[in-house]
2 protein chains.
Amino acid sequence: MDDLSHLNKTPAFIVDRDIVARNCERMRAKAEASGVIFRPHVKTHKTVEIARMQHGGSTGPVTVSTLAEAELLSRAGFGDITYAVPIAPDRAGVAGNVTGINLLVDSVEALQAVEALDRQTDVFLKIDCGYHRAGVDPDDPKSLDLARRMASSEKIRFRGLLTHAGHSYHAKNADEVLAVARQETDAVTRFRDRLGIDVIRSIGSTPTTSVVERFENCDEVRPGNYVFFDAFQAAIGSCRMADVAASVLTTVIGSYPERRALIVDAGALALSKDLGPNHIHPEFGYGVVCDLNLRRLPMRLHALSQEHGTIETDMTLPVGTRLRIVPNHSCLTAAMYPSYVVVEKGRFVDEWIPARGW
Amino acid sequence: MDDLSHLNKTPAFIVDRDIVARNCERMRAKAEASGVIFRPHVKTHKTVEIARMQHGGSTGPVTVSTLAEAELLSRAGFGDITYAVPIAPDRAGVAGNVTGINLLVDSVEALQAVEALDRQTDVFLKIDCGYHRAGVDPDDPKSLDLARRMASSEKIRFRGLLTHAGHSYHAKNADEVLAVARQETDAVTRFRDRLGIDVIRSIGSTPTTSVVERFENCDEVRPGNYVFFDAFQAAIGSCRMADVAASVLTTVIGSYPERRALIVDAGALALSKDLGPNHIHPEFGYGVVCDLNLRRLPMRLHALSQEHGTIETDMTLPVGTRLRIVPNHSCLTAAMYPSYVVVEKGRFVDEWIPARGW
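Bear in mind that the values here come from a model prediction, so they are computed numbers and not experimental data.

(A) Expanded view of helix α2 (residues 17–34) of chain B. All names here are of chain B. The end-to-end C-alpha distance of α2 is 26 Å, a good match for the 26 Å that 18 residues give at a rise of 1.5 Å each. Packed against the buried residues of α2 are β1 (12–16), β2 (37–38), α3 (48–54), α9 (206–211) and β9 (220–221). A side-chain oxygen of the first residue of α2 lies 3.1 Å from the backbone nitrogen of Asp 18; this N-cap is Asp 16. Gly 35 sits one or two positions beyond α2 and adopts a positive phi of about 70°.

Rendered as structure tokens:
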């Protein structure tokens, strides 16, 4: 870890390329073995480099969470891009201009906005599989009406049913995640069967796609966080801590053994204020504090202000010591950085620039 | 609010220039009337434009939280810049290269790193006034030893004692903030008197500097959040809601009256996951939901995922409706945006680009 101990710009977002490659390959191989369309989400990393790694080194279908991501990937040659947030009617025009984009709707208002575009757009219908964030209720007759209207519209191509089991994040272990995984595939399968039209059933969340052995009762999968994973995913059983590919390099800038405290230069803007798996471990803190070799230290990162992290510990470390923090939620942490420091076996090998904004 | 209802790029960070100007002028006038050095913090906005407004339209002493802010302001002609985070020893060299920078230390290790620079640097000693984040204990004899060493060093200029009453954020009302304000000035005054050297006593937090009538028992003040304020500051009594100059413009992208829910396109990356004044109002939510004229609506923004905000409400609004969210913590929210949309009386008048990263 020689390069990391000499990097004099902290906080820094460190990506281990070998681990990303392994995570990418495992999920891609599972999708291939299952015979489903693999449309990984890029929202966690927002880079062309990792989007290509998700597809084994080439372009392929992808999922995005912002138009900024869609525009970046479209320019890089990705030609089949699902923008998996219900489209705001006023943004349909801008979105429709991105080459290769597919849009998502769950309301008549949004559908009308997409139908009003001057070219035919591929559209998915969002189904609520129990998360109760976005999506129509698959048991509500009005949802079937909307789907039939989409199927008969000449202004759009009705591509499929898209759902996201975000409530897998409420699980406490892999068995609970498995139960949610079944709800996810059941919701789209049941709705498609009642609709009686052969459209794509698209599912995906990192917990549900990580715990199943193979993908069944679906036609397309869209995991995203799995490229990096994080402390939360390890806590609920999506991965091991050794599978987490991202960490924040930080420096001890204050050492106060008399109050059992250290201050590091990673605060809320370097980590995000995500509380992590506090539904399992209420005192988890804002990330897992490790040494440079990612060995966990007996420390709790219990408070964050804008540019300071406060660690409670009985260990005494001098000012200037380098630490690594495994983030609670790698999607939110990665988004805070203008660039990622890419390492392989502890050596700097690259710098990647993520998309930003909307 | 005509321009806002037609802006088709949401989420957007909206800054009301008239309110910023009023907040800036009030604090500047109080500092001037009190006869203290006014060194406002720029960490909340990170822009040259507002830094100049803080000084009534010109440059002047400022405080920064990152070297990126220091470099931006130095290039813009600000020549007296205090970097108010204890310097990481390995970064002293980079920091020392910024023209006009003053550094902060609270350890021998950091002091030695600054002394090793090839030019004499102005240095402040950080004092802990009860917040127990960074800073030396003013009652510990070792703290006096460090201060005396700084005073006698030929490699640096010992400029003063700097403290930050961050524990004013634990207060529940203006009276409790006032008690913290007294601790803040007492800590540096007592330490200076024991030290017996006439150095600057620098204090500052937006709550403590907002609630006092004038600045006493100090020589310099460094408030920052007051330029925008936010829902948290209003809750603890630093300001009124009408003084909050920043909001997030968002669009309703999902409407589900059957589950009493709306989804907006402002999620964790558009707002930050700061819980706001939940020490006073445990169910506060992730920001205050308002209409386009900033009238509060009967809605609770109770969950955020990366790009979705989930609102609980009995109101039914159609997809496409515009709302404004007053952020819990404007410093963290502002930092999420590549640019700010600046309005005056509801009309777009400018776009400002904040510094980013470290």
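There is more to say after this.
(B) Region of the structure containing the sheet that holds strand β7 (residues 156–162) of chain A. Residues and elements named next belong to chain A. Spatially, eight strands are ordered β2-β9-β8-β7-β6-β5-β4-β3 in an open sheet, and the strand pairing comes out parallel. Only two strands of the sheet have a single partner each, and these edge strands are β2 (37–38) and β3 (62–64). Looking at chain direction, strand β4 (residues 81–83) and strand β5 (residues 101–105) are connected through two bridges and run parallel. Looking at the pairing, Ile 81 lines up with Ile 101 of β5. Packed onto the sheet, helix α7 (residues 141–152) meets β5, β6 (121–126) and β7 and runs at close to 170° relative to β6.

(C) Here's a closer look at the side chain of B:Asp291. All names here are of chain B. Within the element layout of this structure, Asp 291 appears in the loop between β12 (288–290) and β13 (299–304). Judged by relative accessible area, which is 15%, Asp 291 ranks as buried. A distance of 2.8 Å separates a polar atom in the side chain of Asp 291 from the backbone nitrogen of Asn 293. Reaching out from Asp 291, the side chain makes a polar contact with the side chain of Arg 295 at a distance of 2.9 Å. Not counting residues up to four positions away in its chain, the partners in contact with Asp 291 are Leu 297 and Arg 324.

(D) Geometry of unusual backbone geometry. Residues and elements named next belong to chain A. In this structure, the amide linkage connecting Thr 10 to the following residue, Pro 11, adopts the cis form with an omega of 0°. Relative to the helices and strands, Pro 11 is located in the loop between α1 (2–6) and β1 (12–16). A positive phi angle, near 55°, is found at Lys 46, a position not held by glycine. Relative to the elements of secondary structure, Lys 46 occurs in the loop between β2 and α3 (48–54). The residue Arg 260 is not glycine, and still its phi comes out positive at about 50°. The topology assignment puts Arg 260 in the loop between β10 (246–256) and β11 (261–264). Residue class for Arg 260 comes out partly exposed when judged on its relative accessible area of 38%.

(E) Region of the structure containing the nonpolar core. Counting residues in hydrophobic clusters, the biggest one holds 225 residues, and the most contacted among them are A:Leu125, A:Phe228, B:Leu125 and B:Phe228. Sorting elements by how many residues they give to this core places helix α8 (residues 174–195) of chain B first, with seven residues.

(F) Structural detail: the interface of chain B and chain A. Of the residues lining the interface, 54 residues belong to chain B; the matching set on chain A comes to 54 residues. Of all residues in chain B, the largest losses of buried area upon contact with chain A belong to B:Arg133, B:Arg356 and B:Trp358, amounting jointly to 17% of the total for that side. On the surface where chain B and chain A come into contact, there are six salt bridges. With a closest N to O distance of 3.0 Å, A:Asp274 and B:Lys273 form a salt bridge. Looking at the side of chain B that touches chain A, the element that brings in the most residues is strand β10 (residues 246–256) of chain B, giving four residues. For the side of chain B that touches chain A, the class distribution of residues is 24 nonpolar, 15 polar and 15 charged.

(G) How the structure looks around the pattern of salt bridges. Counted according to the given criterion, the structure contains 58 salt bridges over all chains. Residues joined in a network through salt bridges with shared partners are A:Arg39, A:Asp80, A:Asp122, A:Arg157, A:Arg159 and A:Glu220.

(H) Representation of the environment of A:Ile37 in the model. Residue and element names in this part refer to chain A. Here Ile 37 shows up in strand β2. On the basis of relative accessibility, which here comes to 32%, the residue Ile 37 falls in the partly exposed class. The sequence separation of Ile 37 and Thr 316 amounts to 279 residues, and the corresponding C-alpha distance is 52 Å. The contact partners of Ile 37, leaving out residues within four places of it in the chain, are Pro 61, Ile 200, Asp 219, Glu 220 and Val 221.

(I) Up close: the packing of helix α7 (residues 141–152) of chain B against α8(B). Residue and element names in this part refer to chain B. Running from amino to carboxyl end, α7 crosses α8 at an angle of 65°, the nearest separation of the two axes being 11 Å. Classified by the angle their axes make, α7 and α8 are roughly perpendicular. With respect to the hand of their crossing, α7 and α8 are arranged in right-handed fashion. Of the residues in α8, those in contact with Ser 143, Leu 144, Ala 147 and Arg 148 of α7 are Phe 191, Arg 194 and Leu 195. Residue classes in the contact of α7 with α8 are distributed as four nonpolar, one polar and two charged.

(J) Here's a closer look at the packing of aromatic side chains. Scanning the model with the defined rule gives 12 aromatic pairs over all chains in all. Taking the centre distance of 5.4 Å and the plane angle of 35° together, the rings of A:Phe13 and A:Tyr337 count as tilted. Of this pair, A:Phe13 sits in strand β1 while A:Tyr337 sits in the loop between α12 (330–334) and β16 (340–344), and the two are 324 residues apart along the sequence. As far as burial versus exposure is concerned, A:Phe13 and A:Tyr337 are alike and both buried. Relative to B:Tyr337, the ring of A:Trp358 lies with its centre 5.1 Å away and its plane at 35°, an arrangement referred to as tilted. Note that A:Trp358 is positioned in the segment after β17 (347–352) and B:Tyr337 in the loop between α12 (330–334) and β16 (340–344), a pairing that runs across two chains. Per residue, the accessibility class of A:Trp358 equals that of B:Tyr337, and both read buried. One aromatic cluster is present, formed by A:Phe13, A:Phe228, A:Tyr337, A:Tyr340 and B:Trp358 through successive ring pairs. Residue placement shows A:Arg259 over the ring face of A:Tyr256; its charged tip is 4.1 Å from the ring centre.

(K) Summary view of the sheet that holds strand β5 (residues 101–105) of chain B. All names here are of chain B. One open sheet accounts for eight strands, arranged β2-β9-β8-β7-β6-β5-β4-β3; its pairing is parallel. Of all the strands in the sheet, the pair left with one neighbour each is β2 and β3 (62–64). Pairing between strand β7 (residues 156–162) and strand β8 (residues 200–203): three bridges, direction parallel. Counted as the bridge partner of Leu 161 is Arg 201 from β8. Most of the contacts of α7 go to strand β6 (residues 121–126), to which it runs at about 170°, and overall it touches β5, β6 and β7.

Quick notes on the rules
Numbers given for residues are sequential positions, taken from 1 along each chain in its written order. The naming scheme follows written order: chains are lettered A onward, ligands numbered 1 onward. Confidence filtering applies because this is a predicted model: local features only for residues at pLDDT of at least 70, side-chain atom pairs given and counted only at 80 or more, and all residues used for totals across whole chains, interfaces and linings. Processing note: side-chain calculations cover all non-hydrogen atoms of the structure and skip hydrogens and water entirely. To qualify as a helix, a DSSP run of H or I must reach at least 4 residues; to qualify as a strand, a run of E must reach at least 2; elements of each kind are numbered from the N terminus. Multiply 1.5 Å by the residue count of a helix minus one, and that product is the helix's expected span. Two residues qualify as a contact provided that any one of their heavy atoms is within 4.5 Å of a heavy atom in the partner residue. Polar contact criterion, stated in full: a pair of N or O atoms within 3.5 Å, where within protein one must be able to donate a hydrogen and the other to accept it, and residues adjacent in sequence count only if both atoms are side-chain atoms. Any two strands are treated as partners once DSSP identifies two or more bridges connecting them. For every element, the axis is a line fit to its C-alpha atoms; helices are fit only across the contacting stretch, and the angle between N-to-C directions ranges from 0 to 180 degrees. Each residue is assigned to one of three classes by its accessible area relative to the maximum for its type, calculated with a 1.4 Å probe on protein chains only: buried under 20%, partly exposed between the two thresholds, exposed over 50%. For our purposes a nonpolar core is just a set of buried Ala, Val, Leu, Ile, Met, Phe, Trp, Tyr and Cys residues, chained together by side-chain atoms within 4.5 Å. Note on definitions: buried area is the accessible-area loss of two parts on being combined, 1.4 Å probe, summed for both. Salt-bridge detection follows one rule: a side-chain nitrogen of Lys or Arg within 4 Å of a carboxyl oxygen of Asp or Glu. Polar here means any residue other than Ala, Val, Leu, Ile, Met, Phe, Trp, Tyr, Cys and Pro, which are nonpolar, and Asp, Glu, Lys and Arg, which are charged; Gly is therefore polar. Here is the rule for angles: anything less than 35 degrees is roughly parallel, anything more than 145 is roughly antiparallel, 65 through 115 is roughly perpendicular, and the remaining ranges are oblique. The crossing is said to be left-handed when, going from far helix to near helix, the turn is anticlockwise and less than a right angle, and right-handed when the turn is clockwise. Working definition: rings of Phe, Tyr and Trp (its six-membered ring) pair if their centres are within 6.5 Å, and the pair is stacked with planes under 30 degrees apart, edge-to-face with planes over 60 apart, and tilted otherwise. Ring-over charges, as used throughout, are those where CZ of Arg or NZ of Lys falls within 6 Å of the ring centre and within 35 degrees of the ring normal.

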